[in-house]
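# Descriptive structure summary
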Amino acid sequence: MNNIIGKVRTPGRGVTFKILISGQKVFDINTEEESYVSYSPDHNLDEDCWFGLEDFSNKEFCLDILKNDIDSTNFNILLRKEIDKLDYIISYQDSKEFYFQRIPKNQLLGRKIISLGAEFKFIEESKHLVINKIPDAIYLKDRDILLFKKLSAITSIFNGIDSLYREATNDEVNEFLSNDFLDINADFTQEKVKVPNRKRIALAIDQLNSFEEEQKKIVFATIKEYYPKLVSENEKFLVNNEEDLKLLLFGIGQRFYTTPDGKEKRIANSVIKIQ
């Protein structure tokens, strides 16, 4: 059984999964030959290796869809109007393997393209999702293990897995606070940054490094929209205290969203991409 399943963004209505394509495999990885090491935030992963979290179904951040048998008849089909609401896809393959890939917002922007298939064709506006050679994560159901390369790449998929993140060092905190997009109050130094924000900074550093320039612009614009009080006169982010820093880091983690009726702006209580 092979299905491509999409997680659809439905604020306030829980997690919704829908079928994109049935009878299709998109990843070709021999998981029996892949090596892994138990996850440690201090371990520098070799290029041909994975991190592994064993006994994953018993972790609090394991998705319910991984714990149950998959029956495609229980899922609705994704509608075309819902494409922009996709957060990530799951390629469910061989009735035992789940391959995850995030869908950044900038990947779904409408673009003019020239299709170079069997017939060359100009398409006025097209939305394509490029399948990466390596998925963001793999869950092997028969071995009950989650494989991944970067923890920062899957915090938007597995609610609460960011709790595994390490604290940023003093040097990393200082380096983050010295970013040219920040305007830091002189009295707010790294000594005043507490453990929760240190973990968020460690995550934010990896997230910022993974952003393309266009995605970074979108994220910063969203923070300014939701929290204009964080914007200084020179259009930088003003950080006076721990609360300001937390809001900024929530913004980088893309936790802000608006209720479906558009009447209330909120902060998600975990790192889930809602754009």
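That block above? That's the structure.
Now for a look at the structure at hand. Position labels on residues start from 1 in each chain and follow its written sequence. Local features in this predicted model are restricted to residues whose pLDDT is 70 or higher, and side-chain atom pairs enter the listing and the counts only when it is 80 or higher, whereas totals over whole chains, interfaces and linings include all residues. Excluded from the side-chain calculations are hydrogens and water; all other atoms, namely the structure's heavy atoms, are used.

### Digging into unusual backbone geometry
Applicable threshold: Runs of E in the DSSP output that reach at least two residues are strands. Runs of H or I that reach at least four are helices, and both are numbered from the N terminus. The buried label applies to any residue whose accessible area, calculated with a 1.4 Å probe on protein chains only, is under 20% of its type's maximum; exposed applies above 50%, and partly exposed to all values in between.
Look at Asp94: it is not a glycine, yet its phi comes out positive at around 60°. Inspection of the secondary structure assignment puts Asp94 in the loop between strand S5 (86-93) and strand S6 (97-102). One non-glycine residue, Gln254, lies in positive phi territory at about 60°. Looking at the secondary structure, you find Gln254 in the loop between helix H5 (242-252) and strand S13 (256-258). A relative accessible area of 8% places Gln254 in the buried class.

### Things to note about the pairing of strand S7 (residues 111-116)
Worth spelling out the cut-off: Paired strands, in this sense, are two strands between which DSSP finds at least two bridges.
Taken across its six residues, S7 has zero buried, putting it largely on the surface. Bridge count for S7 against strand S8 (residues 120-126) is five bridges, and the pairing is antiparallel. Residue Arg111 lies in a different strand from S8, and its bridge partner there is Ser126. Connecting S7 to the next strand, S8, in antiparallel fashion are three residues.

### Observations regarding the environment of Asn241
Using the following cut-off: Whenever two N or O atoms come within 3.5 Å, that pair is a polar contact, provided that in protein one can donate a hydrogen and the other can accept it, and provided that, for residues adjacent in sequence, both atoms are side-chain atoms.
Residue placement: Asn241 occurs in the loop between strand S12 (237-239) and H5. Sequence separation between Asn241 and Lys192 is 49 residues; the distance between their C-alpha atoms is 8.2 Å. Of note is the side chain of Asn241, whose polar atom sits 2.9 Å from the backbone nitrogen of Asp244.

### Digging into a nonpolar patch on the surface
The condition is simple: Patch building starts from residues that exceed 30% relative accessible area and form no salt bridge, then joins like charges within 9 Å and nonpolar side chains (Val, Leu, Ile, Met, Phe, Trp, Tyr) within 5 Å. The Shrake-Rupley method, run with a 1.4 Å probe, gives the accessible areas here. Residue values count only the displayed protein chains as cover. By salt bridge we mean one thing: a side-chain nitrogen of Lys or Arg within 4 Å of a carboxyl oxygen of Asp or Glu.
Judged by side-chain polarity, Ile114, Leu116, Phe120 and Phe122 come together as a nonpolar surface patch covering roughly 520 Å² of accessible area. Every element with two or more residues in the nonpolar patch is listed here: S7 and S8. Mapped onto the elements, Phe120 comes out in strand S8. The class for Phe120 is exposed, based on a relative accessible area of 66%.

### Thoughts on the environment of Gly52
Basically, it comes down to this: For this analysis, residues touch if any pair of their heavy atoms sits within 4.5 Å.
Relative to the helices and strands, Gly52 is located in strand S4 (residues 49-54). Between the alpha carbons of Gly52 and Val37 there is a distance of 5.7 Å; along the sequence they are 15 residues apart. Among all residues touching Gly52, those that are not within four sequence positions of it are Tyr36, Val37, Ser38, Tyr39, Ile145, Leu146 and Leu147.

### Concerning the nonpolar core
Defined as follows: To define a nonpolar core, start from buried Ala, Val, Leu, Ile, Met, Phe, Trp, Tyr and Cys residues and group those joined through side-chain atoms within 4.5 Å.
Core analysis: the biggest nonpolar cluster contains 58 residues, and Leu66, Phe100, Leu146, Phe158 and Phe176 have the highest contact counts within it. Among all residues touching Leu66, those that are not within four sequence positions of it are Phe56, Phe98, Phe100, Tyr139, Lys141 and Phe158.

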